[in-house]
Amino acid sequence: MSLVDLILEPLQYDFMVRALLVTAIAAVVGAVLSCWLVLIGWSLMGDAVSHAVLPGIVLAYVFGLPFAIGALVFGLVAVGLIGAVSGTSRVKEDAAIGIVFTTLFALGLVLVSVVPSQVDLSHILFGNILGVSASDVVQVGVLAAIALAVLVIKRRDLVLYAFDPLHARALGLSPRRLATLLLVLLAVVAVVGLQVVGVVLVVALLIIPGATAHLLTDRFSRMLLIAPVMSSLCSVAGIYLSYWLNASSGGLVVVVQGVVFALVYLLSPRHGLVRRWRRTRTVPV
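Below is a short write-up of the structure. (Residues numbered from 1 in each chain as written. Predicted model: local features only at pLDDT ≥ 70, side-chain atom pairs only at ≥ 80, totals over all residues. Heavy atoms only, no water.)

## A closer look at the overall build of the protein chain
Step number 1: In terms of regular secondary structure, the protein chain is built from 14 helices and zero strands.
Step number 2: The N-to-C order of helical and strand elements in the protein chain reads α-α-α-α-α-α-α-α-α-α-α-α-α-α.
Step number 3: A compact globule built from 285 residues would reach a C-alpha radius of gyration of about 19 Å, and the protein chain, at 20 Å, matches this within 12%.
Step number 4: Taking the principal axes of its C-alpha atoms as reference, the protein chain extends roughly 65 × 60 × 35 Å.
Step number 5: By the burial criterion, 45% of the 285 residues in the protein chain qualify as buried.
Step number 6: Restricting the contact set of the protein chain to residue pairs at least 6 apart, pairs at least 24 apart contribute 72%.
Step number 7: Accessible surface, the protein chain as shown: approximately 14300 Å² in total, 68% of it carbon and sulfur.
Step number 8: The protein chain carries 17 positive and 11 negative side-chain charges, and their two centres are separated by 17 Å. (Helix = DSSP H or I, 4+ residues; strand = E, 2+ residues; numbered from the N terminus. Rg over C-alpha atoms; globule rule 2.2 N^0.38 Å. Buried < 20%, exposed > 50% of the residue type's maximum accessible area, 1.4 Å probe, protein only. Contact = heavy atoms within 4.5 Å. Areas by Shrake-Rupley, 256 points an atom, 1.4 Å probe, with all protein chains shown as cover. Lys, Arg positive; Asp, Glu negative; His and termini not counted. Charge placed at Lys NZ, Arg CZ, Asp CG, Glu CD.)

## Things to note about the packing of helix H2 (residues 14-40) against helix H9 (residues 155-163)
Step number 1: Put simply, H2 and H9 touch, their axes get as near as 9 Å, and they point 20 degrees apart. Put simply, H2 runs roughly parallel to H9. The interaxial crossing formed by H2 with H9 has left-handed handedness. The residues of H9 that touch H2, namely those facing Trp36, Leu39 and Ile40, are Arg155, Leu158, Val159, Tyr161, Ala162 and Phe163.
Step number 2: Residues that form the contact of H2 with H9 fall into these classes: eight nonpolar, no polar and one charged. (Axes fitted to C-alpha atoms, helices over the stretch in contact; angles between N-to-C directions. Parallel < 35°, antiparallel > 145°, perpendicular 65-115°, else oblique. Left-handed = near helix turned anticlockwise from the far one by under 90°. Nonpolar A, V, L, I, M, F, W, Y, C, P; charged D, E, K, R; others polar.)

## Let's talk about a nonpolar patch on the surface
Step number 1: Together, Leu3, Val4, Leu6, Ile7, Leu8, Leu11, Val17, Leu241, Trp244 and Leu245 line one region of the surface with nonpolar side chains, adding up to about 860 Å² of accessible area.
Step number 2: As for its position among the elements, Leu8 is in helix H1 (residues 3-8). (Patch = residues over 30% accessible without salt bridge, like charges linked within 9 Å, V, L, I, M, F, W, Y side chains within 5 Å. Salt bridge = Lys/Arg side-chain N within 4 Å of Asp/Glu carboxyl O.)

## Examining the environment of Ile25
Step number 1: With respect to the secondary-structure elements, Ile25 resides in helix H2.
Step number 2: Sequence-wise, Ile25 and Ser232 are 207 residues apart; in three dimensions their C-alpha atoms are separated by 7.8 Å.
Step number 3: With residues near it in sequence (within four places) discarded, Ile25 still touches Val140, Gly141 and Ala144.

## Some remarks on the nonpolar core
Step number 1: Counting 77 residues, the largest nonpolar core has Leu33, Trp36, Trp42, Leu151, Leu182, Leu186 and Leu206 as its most contacted members.
Step number 2: If one sorts the elements of this core by residue count, helix H11 (residues 175-216) sits on top with 24 residues.
Step number 3: Apart from the residues within four sequence positions on either side, Trp42 is in contact with Leu37, Tyr161, Ala179, Leu182 and Leu183. (Core = buried A, V, L, I, M, F, W, Y, C linked by side-chain atoms within 4.5 Å.)

## Description of the packing of helix H4 (residues 54-62) against helix H6 (residues 93-114)
Step number 1: With their axes 7 Å apart at the nearest point, H4 and H6 run at an angle of 30 degrees to one another. Comparing the axis directions of H4 and H6 gives the class roughly parallel. From H4, Leu54, Pro55, Val58 and Leu59 reach across to H6, where they touch Leu104, Phe105, Leu107, Gly108, Leu109, Leu111 and Val112.
Step number 2: A per-class count over the contact of H4 with H6 returns 10 nonpolar, one polar and no charged.

## Section: the pattern of salt bridges
Step number 1: If you walk through the whole model with that rule in mind, you get one salt bridge.
Step number 2: The residue Lys154 makes a salt bridge to Asp157 at a minimum N-O spacing of 3.2 Å.

## Focus: the environment of Val256
Step number 1: Mapping Val256 onto the fold places it in helix H13 (residues 249-267).
Step number 2: Note: C-alpha distance between Val256 and Thr212 (44 residues apart in sequence) is 12 Å.
Step number 3: When sequence neighbours within four positions are dropped, the list of residues in contact with Val256 reads Cys234, Ala237, Gly238 and Leu241.

## Observations regarding the layout of surface pockets
Step number 1: Considering only enclosed or pocket space, the largest pocket measures out at about 400 Å³ in volume.
Step number 2: Lining the largest pocket we find 16 residues, and of these Gly83, Ser86, Glu93, Arg176 and Leu183 sit closest to its centre.
Step number 3: Where the lining of the largest pocket is concerned, the elements lending two or more residues are helix H5 (67-87) and H11.
Step number 4: Element by element, the count of residues in the lining of the largest pocket is highest for H5, at seven residues.
Step number 5: When grouped by side-chain class, the residues that make up the lining of the largest pocket number nine nonpolar, five polar and two charged. (1 Å grid on protein atoms, 1.4 Å probe; cavity = no way out; pocket = protein on both sides within 12 Å on 5 of 7 lines; lining within 4 Å. Points joined across faces, edges and corners; volume = space filled by probe spheres on them.)

## Things to note about a positive patch on the surface
Step number 1: A grouping of Arg275, Arg276, Arg278 and Arg279 is seen on the molecular surface, where their side chains present a positively charged patch.
Step number 2: Looking at the element boundaries, Arg279 is found in helix H14 (residues 273-282).

## Let's talk about unusual backbone geometry
Step number 1: Of note in this structure, Asn246 is not a glycine but carries a positive phi near 55 degrees.
Step number 2: Relative to the helices and strands, Asn246 is located in the loop between helix H12 (220-245) and H13.

Below, the structure is given as structure tokens:
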């Protein structure tokens, strides 16, 4: 079988076309946002929000609503609770994140165990990208377009906030409002990624692309190009591998991204481990 056949055969099936489309959309918008998350140091926040949406998904099923609505509501609730706990007590933000996301995730598991449903828990936790419908594609596309549009429109303000919040305040911007905007976008993008890799692995789409791009360039503008291109290619490759290996689609999407990160970590021309090792070897004693 030729390479062309390997590429074209999966496209004969509508479910594969929808899977590839949704995966590419989620990969691009997640990668763009991940550049800010990595730069600010909000990796744990992405993990918290992605796990905290589980009870919203279960409640959305109970009330017959789209899963995205419930997930988005609880993602915003998680963001609000983290801010409230850390801002009104002696508890630091990292502890507040751990408290809120574990509590909400546990609540979701309890709801899953007591609410009778035909929904497979593994599809919620690990995604069901091959089972997305046409309406899911539209839903993901709309949410991703909104998030991407806001990131593009507010790009300069958000970059300034990421690099120097004090300078942003001096220019008349509100760091608190910009942080809130990023957190809301984080909740929206987490909902988009849920369709691909589920609650457990969605944080990978929000962290790995930005971290990989950060090892390849020192310029943020280039990160915003490298991250989505790399993420979308890795994600599409993961879907193709899942088809030919008959393995978990969401899992392979994340594995491919992790492998690329490992290669960049080792071989990056500027910040790779091999490059730094060679540089230390050439330094005279």
